[in-house]
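The residues making up each chain are set out below.
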Amino acid sequence: MSITAIRRNEQRKLSATWCNTVATGLLTIGVFAPSVAIILGVEETQGNINALGWTIIGASAAAVFLHLGGRRILGRLEE
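Going by what an unreviewed UniProt entry lists, the protein chain is known as Amino acid transporter and is assigned to Tardiphaga robiniae.

Here it is, written out as C-alpha cells:
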C-alpha cells in the first residue's frame, strides 16, 4: 500500500470519527437532556412537551444519519 493510500485511509477514519462524535453529541443534547427534563418534571418543559418530542425525534434522526454517514466513509477504505 502506498503512503498516499495510507494517508487517505487515515483521513477517512478521522472524518468517520468526527461524524460519530457529532452524532453522540446530538444524542446527548437533543435526546437525553430533554428526556431527563421531562422525567424530572422541570417547570419549563410542562407546556412544551410537543416541541420537546419533535426535538427528540429530530436529534435522533440526525444522529442516525451522521452515524451511517461515518460508516459509509469507512466503507471506502483502501486495501
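**Points about the UniProt feature "transmembrane region" (unreviewed entry) in the protein chain**
Within this numbering scheme, the UniProt entry marks residues 21-42 and 48-68 as carrying the feature "transmembrane region" (unreviewed entry). Between the C-alpha atoms that bound residues 21-42 there is a distance of 28 Å. The span itself is 91% helix and 0% strand. This span, residues 48-68, is 95% helix and 0% strand, and a straight line between its end C-alpha atoms measures 30 Å.

**Let's talk about the pattern of salt bridges**
Summed over the entire model, instances satisfying the criterion amount to 3 salt bridges. Arg8 is paired through a salt bridge with Glu78; the nearest N and O atoms lie 2.7 Å apart. Within this pair, whereas Arg8 is found in helix α1 (residues 3-40), its partner Glu78 is found in the segment after α2 (49-74), the two being separated by 70 residues in sequence. The partly exposed category is assigned to Arg8, whose relative accessible area is 30%. In this structure Glu78 comes out as partly exposed when scored by relative accessible area, which is 26%. With its nearest N and O atoms 3.2 Å apart, the salt bridge here joins Glu10 to Lys13.

**Section: α1**
Each α-helix winds once per 3.6 residues, and so residues spaced three or four apart point in a common direction. Its 38 residues give α1 an end-to-end C-alpha distance of 54 Å, which sits within 8% of 56 Å, the value for a rise of 1.5 Å per residue. Looking at the buried side of α1, the elements it contacts are α2.

**Looking at the packing of α1 against α2**
Packed helix pairs are characterised by how far apart their axes lie and by the angle those axes make with each other. Contact geometry for α1 and α2: axes closest at 8 Å, N-to-C directions at 165 degrees. Comparing their axes, α2 and α1 come out roughly antiparallel. Like other packed secondary-structure pairs, α1 and α2 cross with a definite hand, here left-handed. Classifying every residue of the contact of α1 with α2 gives 18 nonpolar, 8 polar and 2 charged.

**Here's the deal with the environment of Gly69**
Relative to the helices and strands, Gly69 is located in helix α2. Considering only alpha carbons, one finds Gly69 and Asn20, 49 residues apart in sequence, at a separation of 8.5 Å.

**Here we look at a nonpolar patch on the surface**
A contiguous nonpolar patch, built from Val36, Ile39, Leu40 and Val42 and spanning about 410 Å² of accessible area, is present on the exposed surface. Residue position: Leu40 is located in helix α1.

**Brief notes about the side chain of Asn9**
Along the polypeptide, Asn9 turns up in helix α1. Under the relative-accessibility criterion, Asn9 is labelled buried at 7%. If sequence neighbours within four positions are ignored, Asn9 has contacts with Met1, Leu77 and Glu78.

Definitions and limits used
- The numbers attached to residues start from 1 for each chain and follow its sequence in the written order.
- Side-chain atom pairs in this predicted model are given and counted only at pLDDT of 80 or more, local residue features only at pLDDT of at least 70, and totals for whole chains, interfaces and linings cover all residues.
- The basis for the side-chain values is all heavy atoms of the structure; hydrogens and waters are excluded.
- UniProt positions are given in the numbering used here, feature names are shortened, and annotations may be inferred rather than shown by experiment.
- Helix and strand assignments follow DSSP, with helices taken as H or I runs no shorter than four residues and strands as E runs no shorter than two, numbered in order from the N terminus.
- Basic side-chain nitrogens of Lys or Arg form a salt bridge, by our definition, when they fall within 4 Å of a carboxyl oxygen of Asp or Glu.
- To sort residues, take the accessible area from a 1.4 Å probe on protein chains only and compare it with the maximum for the residue type: under 20% means buried, over 50% means exposed, and anything in between is partly exposed.
- Under the convention used throughout, the expected extent of a helix is 1.5 Å for every residue step, that is, one less than its residue count.
- By definition in these notes, contact holds between two residues if any of their heavy atoms fall within 4.5 Å.
- For helices, the axis comes from a line fit to the C-alpha atoms of the stretch in contact; other axes are also lines fit to C-alpha atoms, and the angle between any two N-to-C directions lies between 0 and 180 degrees.
- Here is the rule for angles: anything less than 35 degrees is roughly parallel, anything more than 145 is roughly antiparallel, 65 through 115 is roughly perpendicular, and the remaining ranges are oblique.
- For any helix crossing, the convention is left-handed if the near helix is rotated counterclockwise from the far helix by under a right angle, and right-handed if that rotation is clockwise.
- Any residue outside Ala, Val, Leu, Ile, Met, Phe, Trp, Tyr, Cys, Pro, Asp, Glu, Lys and Arg is labelled polar, Gly included; the first ten of those are nonpolar and the last four are charged.
- Residues enter a patch when their relative accessible area is above 30% and they make no salt bridge; the linking distance is 9 Å between like charges and 5 Å between nonpolar side chains (Val, Leu, Ile, Met, Phe, Trp, Tyr).
- Note on areas: these come from Shrake-Rupley sampling with a 1.4 Å probe, and a residue is covered only by the protein chains present in the view.

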